[in-house]
2 protein chains.
Amino acid sequence: MPRLSKDQCLSDLKLRILSTALAPGSDLDETTLAEHYGMSRTPMREVLHRLAGAGFITTSENRGAKVASMDIGTMRTFFQTAPMIYANIASLAAEARTGPQLEALKDAQHAFTKATAAQDAQATALANHRFHAVIGEMAHNPYLVASLDRLLIDHTRLSQRFYRPANADEKMLIVKASDQHDALITAIEAHESALAIDLSLQHWDLSRDRMERYVRPDPLPVDVVSLKDRRNAV
Amino acid sequence: MPRLSKDQCLSDLKLRILSTALAPGSDLDETTLAEHYGMSRTPMREVLHRLAGAGFITTSENRGAKVASMDIGTMRTFFQTAPMIYANIASLAAEARTGPQLEALKDAQHAFTKATAAQDAQATALANHRFHAVIGEMAHNPYLVASLDRLLIDHTRLSQRFYRPANADEKMLIVKASDQHDALITAIEAHESALAIDLSLQHWDLSRDRMERYVRPDPLPVDVVSLKDRRNAV
DNA sequence: TGTATACTGATTGTATACATTTCCAACCCC
DNA sequence: GGGGTTGGAAATGTATACAATCAGTATACA
């Protein structure tokens, strides 16, 4: 991959991290990356420091960089925090959104539905990222956006798994999420900030349901287990 | 200032920005700074990128770095956002604080009262910064802390002005703020998160009062103006 | 056999030379 | 005289050589 500009390199790395092509916790080697992007180590290090500042990676002295990790503890914190931040941002977005931003939001939602139809989990997650990032822009509040950006990193990485429906029931949940996006667009367009808050909270209730199904799946059929026990006993 | 380590350089620059020794919006020159800290441009640039990532400065391609600016618009956003973030963080801090963190908090508050007694506005603002940063650590929530850190940059820079009391009335407000700090420590120590929220909100009501006095000061005595008019008329 | 220590290869950190871009001012042309 | 152009100084961006640090291994010694 020769001669990408620094900005392209930055956004490519972000994409690879968000899509978990670069797994959480994995090591990043300056030299290898610099060769890969066709630049010397100096600008590559600069890119890495920016990623570190934005929370995509962590660095430690003389020990290089790692993709930011995601343990079970961060997931708990994540679901604790996300509803509040997203709801407040949606509320501000409904107040302050501009016309062009609204178009960008509709674009993102269009990409989202297209990706779900194609059953492309990665594209779905990235479109979802863009959708919520645009709402962040609308809110016009750098303090909250700092928090949102961190949340979106983990949001997108987590949701890779949930946008791969295993059955009709899970497929239904994704359709419901998409409907909520549409409703949110309408609320933001109409400057209805109270409604935007409500819809955001509903959106997160849904996410938590999906999440719980994943963490605590339907138990395996009992008779298979007992069958196995019986066979062992013979 | 020869041979400071990179970390020292980083925290020194943060301090100079927080204390407004480096004014908001002022230009930063790589070469000059590198000489000043006795290092070459390469590590200096690295420090600048970190500061940019943390929101202390802004950089633009081929155009160098500036200290993050503070206009009237950001102040509005600031007061809109700060109560919510600080209150939520205080609540989490009350739940999750550890013993050593509580000691650090008491230390910061000690420094705060000492600085107010000495009428040292800069030291007061920096001690206040540390006080709220420690509460952020206690909360153990990287998403909210991202937002808090941004808020604290502007909080500390703004408050330089308010910790310089012009009269007994304003002095009283600072004493009241200090009392609220003490109450907050007690609430956090006792794991009373609901109380911590309440105290945080009160703290911000006070700040807003102080702020309003600054933006909208007591009008000048009317008769002086009329006197001047009369004299002009003669 | 277990532990401490010295060596070695690999990786990160720094300095410096060089390339590129920007800014500003002098200049020319209309 | 005003506006656009062009030169050059000063700044930022990049590449590369070199220094410092770390991790892993082999070796010596108890």
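Residues numbered from 1 in each chain as written. Chains lettered and ligands numbered in written order. Predicted model: local features only at pLDDT ≥ 70, side-chain atom pairs only at ≥ 80, totals over all residues. Heavy atoms only, no water.

Let's talk about the overall build of chain A
Move 1: Along chain A, the regular secondary structure elements total 10 helices and three strands.
Move 2: Secondary structure of chain A in N-to-C order comes out as α-β-α-α-β-β-α-α-α-α-α-α-α.
Move 3: For the C-alpha atoms alone, the extent of chain A along its principal axes is close to 70 × 50 × 30 Å.
Move 4: Within chain A, counting contacts between residues at least 6 apart in sequence, those at least 24 apart form 75% of the total. (Helix = DSSP H or I, 4+ residues; strand = E, 2+ residues; numbered from the N terminus. Contact = heavy atoms within 4.5 Å.)

Remarks on the protein's contact with DNA strand C
Move 1: Close to DNA strand C lie 16 residues; Arg 41 and Arg 45 of chain A together with Lys 6, Ser 40 and Arg 63 of chain B are nearest.
Move 2: Each atom of DNA strand C within 4 Å of the protein was classed as base or backbone; sugar and phosphate made up 69%.
Move 3: Residue Asp 29 of chain A places a side-chain N or O atom 3.0 Å away from a phosphate oxygen belonging to DNA strand C.
Move 4: Side-chain polar atom of Asn 62 of chain B to a sugar or linking oxygen of DNA strand C: 3.3 Å apart, as the coordinates give it.
Move 5: Residue classes in the surface near DNA strand C are distributed as three nonpolar, five polar and eight charged. (Near = heavy atom within 4 Å. Polar contact = N/O pair within 3.5 Å; in protein donor to acceptor, adjacent residues only side chain to side chain. Nonpolar A, V, L, I, M, F, W, Y, C, P; charged D, E, K, R; others polar.)

Some words on the relation of the copies chain A and chain B
Move 1: Laying chain A over chain B is done by rotating through 180 degrees and shifting 0.0 Å along the axis; what remains is an RMSD of 0.1 Å. The relationship between the two copies is best expressed as a two-fold rotation axis. Using C-alpha coordinates, one finds that chain A approaches the rotation axis most closely at Gly 53 of chain A, a distance of 2.1 Å.
Move 2: When the interface residues of chain A are mapped onto chain B, 100% of them are again interface residues, pointing to one common binding face. (Least-squares fit on C-alpha atoms with pLDDT ≥ 70 in both.)

Things to note about empty space enclosed by the protein
Residue and element names in this part refer to chain A.
Move 1: Summed over all chains, the structure comprises five cavities of 30 Å³ or more.
Move 2: In this structure, the largest cavity occupies an estimated 90 Å³ of space.
Move 3: Taken together, Tyr 86, Ile 89, Ala 90, His 132, Ile 135, Gly 136, Leu 148, Leu 184, Ser 200, His 203 and Trp 204 make up the lining of the largest cavity.
Move 4: Taken together, the elements giving at least two residues each to the lining of the largest cavity come down to helix H4 (72-96), helix H6 (121-139) and helix H9 (193-215). (1 Å grid on protein atoms, 1.4 Å probe; cavity = no way out; pocket = protein on both sides within 12 Å on 5 of 7 lines; lining within 4 Å. Points joined across faces, edges and corners; volume = space filled by probe spheres on them.)

Concerning the nonpolar core
Move 1: Residues Ile 85 and Ile 188 of chain A together with Ile 85 and Ile 188 of chain B are the most contacted members of the largest nonpolar core, which totals 70 residues.
Move 2: What Ile 85 of chain B contacts, discounting residues up to four positions off in sequence, is Ile 85 and Leu 144 of chain A together with Leu 144, Ser 147, Leu 148 and Leu 151 of chain B.
Move 3: By size, the runner-up hydrophobic cluster in this structure holds 21 residues, among which are Ile 17, Ala 34, Met 44 and Ala 65 of chain B. (Core = buried A, V, L, I, M, F, W, Y, C linked by side-chain atoms within 4.5 Å. Buried < 20%, exposed > 50% of the residue type's maximum accessible area, 1.4 Å probe, protein only.)

Describing the sheet that holds strand S3 (residues 64-67) of chain B
Residues and elements named next belong to chain B.
Move 1: Here we have three strands laid out as an open sheet, ordered S1-S3-S2, and antiparallel in their pairing. Looking along the sheet, the strands with just one partner apiece sit at the ends: strand S1 (27-28) and strand S2 (57-60).
Move 2: Bridge count for S1 against S3 is two bridges, and the pairing is antiparallel. Note that in S3 the partner of Leu 28 across the bridge is Ala 65. (Pairing = 2+ DSSP bridges.)

Quick look at the protein's contact with DNA strand D
Move 1: Taken together, 17 residues surround DNA strand D, and among them Lys 6, Ser 40 and Arg 63 of chain A together with Arg 41 and Arg 45 of chain B come closest.
Move 2: Of all the secondary structure elements, the ones that give two or more residues to the surface near DNA strand D are helix H3 (41-53) of chain A together with helix H2 (30-36) and helix H3 (41-53) of chain B.
Move 3: Looking at side-chain class alone, the surface near DNA strand D contains three nonpolar, six polar and eight charged residues.

Points about the interface of chain A and chain B
Move 1: Between chain A and chain B, the residue contacts involve 25 residues of the former and 25 residues of the latter.
Move 2: Summing both partners gives a buried area of about 2200 Å² for chain A against chain B, and 58% of it is carried by carbon and sulfur.
Move 3: When the area that chain A buries against chain B is broken down by residue, the three leading residues are His 49, Met 84 and Tyr 143 of chain A, summing to 31%.
Move 4: Remark: the boundary between chain A and chain B carries two salt bridges.
Move 5: Across the contact surface, chain A and chain B share 10 residue pairs in polar contact (both at pLDDT 80 or more).
Move 6: Secondary-structure elements contributing two or more residues to the side of chain A that touches chain B are H3, H4 and helix H7 (142-162) of chain A.
Move 7: Counting residues per element, the side of chain A that touches chain B draws most heavily on H4 of chain A, at nine residues. (Buried area = accessible area lost by both parts, 1.4 Å probe. Salt bridge = Lys/Arg side-chain N within 4 Å of Asp/Glu carboxyl O.)

As for the sheet that holds strand S2 (residues 57-60) of chain A
All names here are of chain A.
Move 1: Strands sit in the order S1-S3-S2 across an open sheet of three strands; the sheet is antiparallel. The open sheet has two edge strands with one neighbour each: strand S1 (27-28) and S2.
Move 2: Relative to strand S3 (residues 64-67), S2 runs antiparallel, the two being bridged by four bridges. Looking across to S3, one finds that Ser 60 is bridged to Gly 64.

Observations concerning the domain arrangement of chain A
Much of the literature gives interface size as the accessible area that the parts lose upon coming together.
Residue and element names in this part refer to chain A.
Move 1: When cut into domains, chain A gives domain 1 (6-67) and domain 2 (72-215).
Move 2: A straight line from the C-alpha centre of domain 1 to that of domain 2 covers 26 Å.
Move 3: Looking only at domain 1, the three residues that lose the most surface to domain 2 are Leu 18, Ser 19 and Thr 20, adding up to 53% of its buried area.
Move 4: On the surface where domain 1 and domain 2 come into contact, there are zero salt bridges.
Move 5: In this structure, the connection of domain 1 to domain 2 is made through three residue pairs in polar contact (both at pLDDT 80 or more).
Move 6: If you tally residues by element for the side of domain 1 that touches domain 2, the top one is helix H1 (residues 6-18), at three residues. (Domains from an automatic or database assignment.)

Let's talk about the packing of aromatic side chains
Move 1: On inspection of all chains with the given rule, the structure shows 12 aromatic pairs over all chains.
Move 2: Aromatic side chains Phe 78 of chain A and Phe 79 of chain A sit 5.2 Å apart centroid to centroid with 90 degrees between the ring planes, which places their arrangement in the edge-to-face category.
Move 3: When the centroid spacing of 5.6 Å and the interplanar angle of 70 degrees are considered together, the rings of Phe 78 of chain B and Trp 204 of chain B count as edge-to-face. Placement of the pair is Phe 78 of chain B in helix H4 (residues 72-96) and Trp 204 of chain B in helix H9 (residues 193-215), with a sequence separation of 126 residues. Pair check on accessibility: Phe 78 of chain B and Trp 204 of chain B agree, each one buried. (Phe/Tyr/Trp six-rings, centres within 6.5 Å; stacked < 30°, edge-to-face > 60°.)

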